Amino acid sequence: MLNASCALGNAIICTSDQGGIVVLTSSTKNTITHYSEKARHYFDLYNSVEAENVHSDWKAFLQNANKSTALDVGAGSGRDANWLAEQGWKVTAAEPADELRNLAQANSHNSVIWCNASLPALTALPQAPKTYDLILLSAVWMHLPKDERPPALKRLAELLSVNGTMYISLRFGPNDEARPMHPVSFEELATLAKSNRLIARNLNTVPNQDGLKRDDVKWVTVEVVKIAD
């Protein structure tokens, strides 16, 4: 089970006291360590771009959705979690890089719950809610090695409410050895989605320019929905 050390805003974080062991690849461990060691750099960098501009591809969803429960996976600087909370969402922010999470939490909207949880297992989430109506993975998927992606999407499918929506951004560009980035494709993600009874839709037939003005980086946003059987 999970302990109850979850709190709002800049208070306590969640930890897991489960007996099972979650094994992360060295690539994933190195990425988490890098983000923690360079926390101030990434906190300032990600907050230099407005969330509304980064996520303009699905602004129609936000305008029409009932504001309920949201999960931000790999929440980083807290930019997106705070943005959703300001619009009325009850947000759980999962970030495994300790120092980055500490910085984000200290500057967090007071209705965001912060947790030390990472893909593929996401074991240290709060006991409630059991599912989320909105799940966001912004600049996260490319960090998962290929063999971690099937269990990761299976877990995300379990966490997504019936009729819920998930947005996953896919990064196309060069690797960064300090925080390994693996090849991605819409086709791979759509296949994994289908195997978990989810429907994936590519929102960008032409990839978007990078919000940080990097000429060699492009992005595609994928919308994934869970339809009732």
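Thresholds, definitions, all that
Residues numbered from 1 in each chain as written. Predicted model: local features only at pLDDT ≥ 70, side-chain atom pairs only at ≥ 80, totals over all residues. Heavy atoms only, no water. Helix = DSSP H or I, 4+ residues; strand = E, 2+ residues; numbered from the N terminus. Buried < 20%, exposed > 50% of the residue type's maximum accessible area, 1.4 Å probe, protein only. Contact = heavy atoms within 4.5 Å. Phe/Tyr/Trp six-rings, centres within 6.5 Å; stacked < 30°, edge-to-face > 60°. Core = buried A, V, L, I, M, F, W, Y, C linked by side-chain atoms within 4.5 Å. Salt bridge = Lys/Arg side-chain N within 4 Å of Asp/Glu carboxyl O.

(A) View of unusual backbone geometry. The amide bond that connects leucine 119 to the next residue, proline 120, takes the cis arrangement and shows omega of 10°. Looking at the secondary structure, you find proline 120 in the loop between strand S3 (113-115) and strand S4 (132-137). Each neighbour pair has its own omega, and for alanine 128 with proline 129 the value is 5°, a cis peptide bond. Mapped onto the secondary structure, proline 129 falls in the loop between S3 and S4. Within the chain, asparagine 163 stands out as a residue other than glycine whose phi angle is a positive 70°. Following the sequence through the fold, asparagine 163 ends up in strand S5 (residues 160-172). With relative accessibility at 57%, the residue asparagine 163 sits in the exposed group.

(B) Quick peek at helix H6 (residues 98-106). The set of residues buried in H6 consists of Leu100, Arg101, Leu103, Ala104 and Gln105. Packing partners of the buried residues in H6 comprise helix H1 (26-37), helix H2 (39-47) and S3.

(C) Just the packing of aromatic side chains, in detail. Applying the stated criterion across every chain, the model contains 7 aromatic pairs. Where tryptophan 58 meets tyrosine 167, the ring centres are 4.4 Å apart and the plane angle is 10°; that geometry is what we call stacked. Highlighted residues: tryptophan 58 in the loop between helix H3 (51-54) and helix H4 (59-64) and tyrosine 167 in strand S5, separated in sequence by 109 residues. Residue tryptophan 58 is classed as buried on the basis of its relative accessible area of 3%.

(D) The nonpolar core, seen in detail. With 37 residues, the main nonpolar core has Ile135, Leu137, Trp141 and Met166 as its most contacted residues. At the level of secondary structure, the elements contributing two or more residues to this core comprise strand S1 (69-73), S4, helix H7 (149-159), S5, helix H8 (186-195), strand S6 (198-202) and strand S8 (218-226). Sorting elements by how many residues they give to this core places H7 first, with 5 residues. Those residues in contact with methionine 166, other than ones at most four positions away along the chain, are Ile135, Leu137, Leu153, Leu156, Leu160, Leu198, Val222, Glu223 and Val224. Core analysis: the next-biggest nonpolar cluster, separate from the first, contains 20 residues, Ala75, Leu84, Ala93 and Leu134 among them.

(E) Highlighting the pattern of salt bridges. The final tally for this structure, using the stated rule, is 9 salt bridges. The closest approach of N and O atoms between arginine 79 and aspartate 80, which form a salt bridge, is 2.8 Å. A residue is classified by how much of its surface remains accessible, and arginine 79, at 16% relative accessible area, is buried. Judged by relative accessible area, aspartate 80 falls into the buried class, the value being 6%.

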